[in-house]
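Structural characterization, general
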Amino acid sequence: MKYALGIILAWAALPAQADTVGMCVLAGTAEEACTCAAEGLAGEVSAEDFAHYDAIAAEFVKRRKEGLSWVEAWDAGVAKVAEEAGMRPNALQQQMNPVGSAHREVMLGCM
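Residues numbered from 1 in each chain as written. Predicted model: local features only at pLDDT ≥ 70, side-chain atom pairs only at ≥ 80, totals over all residues. Heavy atoms only, no water.

Examining the overall build of the protein chain
Here is the rule we go by: For helices the rule is a DSSP run of H or I covering at least 4 residues; for strands it is a run of E covering at least 2, with both sets numbered from the N terminus onward. Whether a residue is buried, partly exposed or exposed follows from its accessible area with a 1.4 Å probe, protein chains only, as a fraction of its type maximum: under 20%, in between, or over 50%, in that order. Reported accessibility uses the Shrake-Rupley method at a 1.4 Å probe radius. Residues are deemed covered only where the shown protein chains occlude them.
Check the secondary structure of the protein chain and you find six helices and zero strands. When the helices and strands of the protein chain are listed from N to C terminus, the series reads α-α-α-α-α-α. When the 111 residues of the protein chain are sorted by exposure, 38% land in the buried category. For the protein chain, the exposed surface amounts to about 6300 Å²; the carbon and sulfur share of it is 58%.

Okay, here's the thing in structure tokens:
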């Protein structure tokens, strides 16, 4: 499954990263740096973790546009993706914590 997902992400790199880029841009970072960070993150974490993070980011961006706070939007994204993946939200959040840290680290190198 991870191999197949990795192939899909590699084949459709820009669309697969679009939500991670969008989340980064909402934080006030330039789109070029956000694209760089998304590409770097995809190489730092597993394809499964990147896919979960990107799906959470999609929900986060959607919920922020609806007026939810940063925390509420993130929590809603985690809850939705966890449900879709058959996971507990707190388990997915724990899995995503190092991914978020890696994203911030990669982003610093892109600025």
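Some remarks on the pattern of salt bridges
To keep things clear, this is the line we draw: Any carboxyl oxygen of Asp or Glu that lies within 4 Å of a side-chain nitrogen of Lys or Arg is treated as forming a salt bridge with it.
Inspection of the entire model under this criterion finds three salt bridges. Between E59 and K80 there is a salt bridge, with its nearest N and O atoms 3.3 Å apart. A residue pair is termed long-range when its members are at least 10 positions apart, and E59 in helix 4 (residues 47-65) and K80 in helix 5 (residues 70-85) qualify at 21 residues. Classification of K80 by relative accessible area gives partly exposed; the value is 36%. A salt bridge links R63 to E66; its shortest N-O distance comes to 3.8 Å. Classification of R63 as partly exposed rests on a relative accessible area of 26%.

Quick look at the nonpolar core
Test applied: To define a nonpolar core, start from buried Ala, Val, Leu, Ile, Met, Phe, Trp, Tyr and Cys residues and group those joined through side-chain atoms within 4.5 Å.
Counting residues in hydrophobic clusters, the biggest one holds 18 residues, and the most contacted among them are M23, L41, Y53, I56, W74, L92 and M96. Breaking this core down by element, the ones donating at least two residues are helix 4, helix 5 and helix 6 (89-110). Among the elements that take part in this core, helix 4 stands out by supplying six residues, more than any other. In terms of nonpolar packing, the next biggest core, distinct from the first, is built from nine residues, V21, C34, A38 and V106 among them.

Quick word on the packing of helix 4 against helix 5
Worth spelling out the cut-off: The convention used is that axes are lines fitted to C-alpha atoms, helices contributing only their stretch in contact, and that angles between N-to-C directions extend from 0 to 180 degrees. When describing relative orientation, an angle under 35 degrees is termed roughly parallel and one over 145 degrees roughly antiparallel, while 65 to 115 degrees is termed roughly perpendicular and anything else oblique. Note on convention: near helix rotated counterclockwise from far helix by under a right angle means a left-handed crossing. Clockwise means right-handed. By the convention used here, residues are in contact when the closest approach between their heavy atoms is within 4.5 Å. Amino acid classes used here: Ala, Val, Leu, Ile, Met, Phe, Trp, Tyr, Cys and Pro are nonpolar; Asp, Glu, Lys and Arg are charged; the rest, including Gly, are polar.
Interhelical geometry of helix 4 versus helix 5 gives an angle of 135 degrees and a closest axis separation of 8 Å. When the axis of helix 4 is compared with that of helix 5, the two are oblique. Judged by the sense of rotation from one axis to the other, the crossing of helix 4 with helix 5 is right-handed. Facing H52, Y53, A55, I56, E59, F60, R63 and R64 of helix 4, the residues of helix 5 in contact are W70, A73, W74, A76, G77, V78, K80, V81 and A85. A class-by-class count of the residues in the contact of helix 4 with helix 5 yields eleven nonpolar, two polar and four charged.

Focus: a nonpolar patch on the surface
Put simply, the test is: Like charges are joined within 9 Å and nonpolar side chains (Val, Leu, Ile, Met, Phe, Trp, Tyr) within 5 Å, but only among residues with over 30% relative accessible area and no salt bridge; these make up the patches.
Residues L26, W70 and V71 make up a contiguous nonpolar surface patch of roughly 290 Å² in combined accessible area. Mapped onto the elements of the fold, V71 is located in helix 5. The class of V71 is exposed, set by a relative accessible area of 57%.

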